[in-house]
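Tertiary structure, described
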Amino acid sequence: MTADARLLRLATPADADAVAAIYAPYVRETPISFELQPPTAEAMAGRIERTLARTPWVVAEVDGVVRAYAYAGRFRDRAAYDWTAESTVYVDRALHRSGLGRATMAAVLRVLRLQGFRLVIAGITLPNAGSEGLHRALGFEPVGTFDGVGWKAGRWHGVSFFELELFPCVDGPEPTPIRPLPELLGTPELAAAIAGEG
């Protein structure tokens, strides 16, 4: 697979079939996702649309086919958390260790930085050495584990949480509000952040 066969771009609801197909095996066959039933393409289209109203959802195409995705959303609903996002990344299982997860997640992180987010949180169901390695490679650091927090596939599973600081935590005046993603659409800054340029 050559680098020029890959394309990173913002998702659209039209990507829902491909995204749902990537995600479904993780739901059906692993505890990596705590969902019990794979969402339909229609449900996934709604998730993409809701996410893009505020934060990035990036897909990676290989030879014109969506093979990975990453996105970020609210960590929690209360206003004091507005500068913290929670991230997610999934790769077509046939392309593990291809670099697509890292590239797609790195694009999301660059967009979050551009938007003014301060902190990104990721929760990883254990064991998942691949995801832990990916997050560490991107600069995330482990901050704690909840043991036995979710029941799936006949047993309890723990979740480790990782964080990545995009901007230092400095007390002072109230930080500038984050820029919702729609305000950045069509700008060279957003295009460069997704592409990893500049």
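See above for the structure.
Model, not experiment: these values are computed from the prediction.

Further remarks concern the pattern of salt bridges. Once their charged atoms are close, side chains differing in charge can pair, the charge on each being opposite to the other. The final tally for this structure, using the stated rule, is 8 salt bridges. Between Glu61 and Arg9 there is a salt bridge; the shortest N-O distance is 2.7 Å. One end of the pair, Glu61, is in strand E2 (residues 57–62); the other, Arg9, is in strand E1 (residues 6–10), and 52 residues separate them in sequence. Arg54 is the salt-bridge partner of Asp82, the closest N and O atoms lying 3.9 Å from each other. Taken together, the residues Asp82 in the loop between strand E3 (65–74) and strand E4 (84–91) and Arg54 in the loop between helix H2 (41–52) and E2 connect sequence positions 28 residues apart. Take Arg54: its relative accessible area is 14%, and that puts it in the buried class. A network of salt bridges, in which partner residues are shared, links Arg9, Asp15 and Glu61.

Here the focus is the packing of aromatic side chains. Counting across every chain of the model gives 9 aromatic pairs. For the ring pair Trp57 and Tyr71, a centre distance of 4.1 Å and an interplane angle of 15° mean the geometry is stacked. Taken as a pair, Trp57 in strand E2 and Tyr71 in strand E3 lie far apart in primary sequence, 14 residues in all. Aromatic side chains Tyr69 and Tyr90 sit 5.7 Å apart centroid to centroid with 35° between the ring planes, which places their arrangement in the tilted category. Of the two residues, Tyr69 is situated in strand E3 and Tyr90 in strand E4; the sequence distance between them amounts to 21 residues. Just as Tyr69 is buried, Tyr90 falls in that class too. Chaining the aromatic ring pairs together yields one cluster made of Tyr23, Tyr26, Trp57, Tyr69, Tyr71 and Tyr90. We note Arg93 situated over the ring of Tyr26; from NZ or CZ to the ring centre the distance is 5.7 Å.

Looking now at the pairing of strand E6 (residues 141–152). Pairing analysis gives 8 bridges linking E6 to strand E7 (residues 155–165), with the strands arranged antiparallel. By the bridge assignment, Gly150 is partnered in E7 with His157. Counting the residues that bridge the hairpin from E6 to E7 gives 2 residues, and of these Ala153 lies at a positive phi of roughly 55°.

Scoring rules and cut-offs
Residues numbered from 1 in each chain as written. Predicted model: local features only at pLDDT ≥ 70, side-chain atom pairs only at ≥ 80, totals over all residues. Heavy atoms only, no water. Salt bridge = Lys/Arg side-chain N within 4 Å of Asp/Glu carboxyl O. Helix = DSSP H or I, 4+ residues; strand = E, 2+ residues; numbered from the N terminus. Buried < 20%, exposed > 50% of the residue type's maximum accessible area, 1.4 Å probe, protein only. Phe/Tyr/Trp six-rings, centres within 6.5 Å; stacked < 30°, edge-to-face > 60°. Lys NZ or Arg CZ within 6 Å of the ring centre and 35° of its normal. Pairing = 2+ DSSP bridges.

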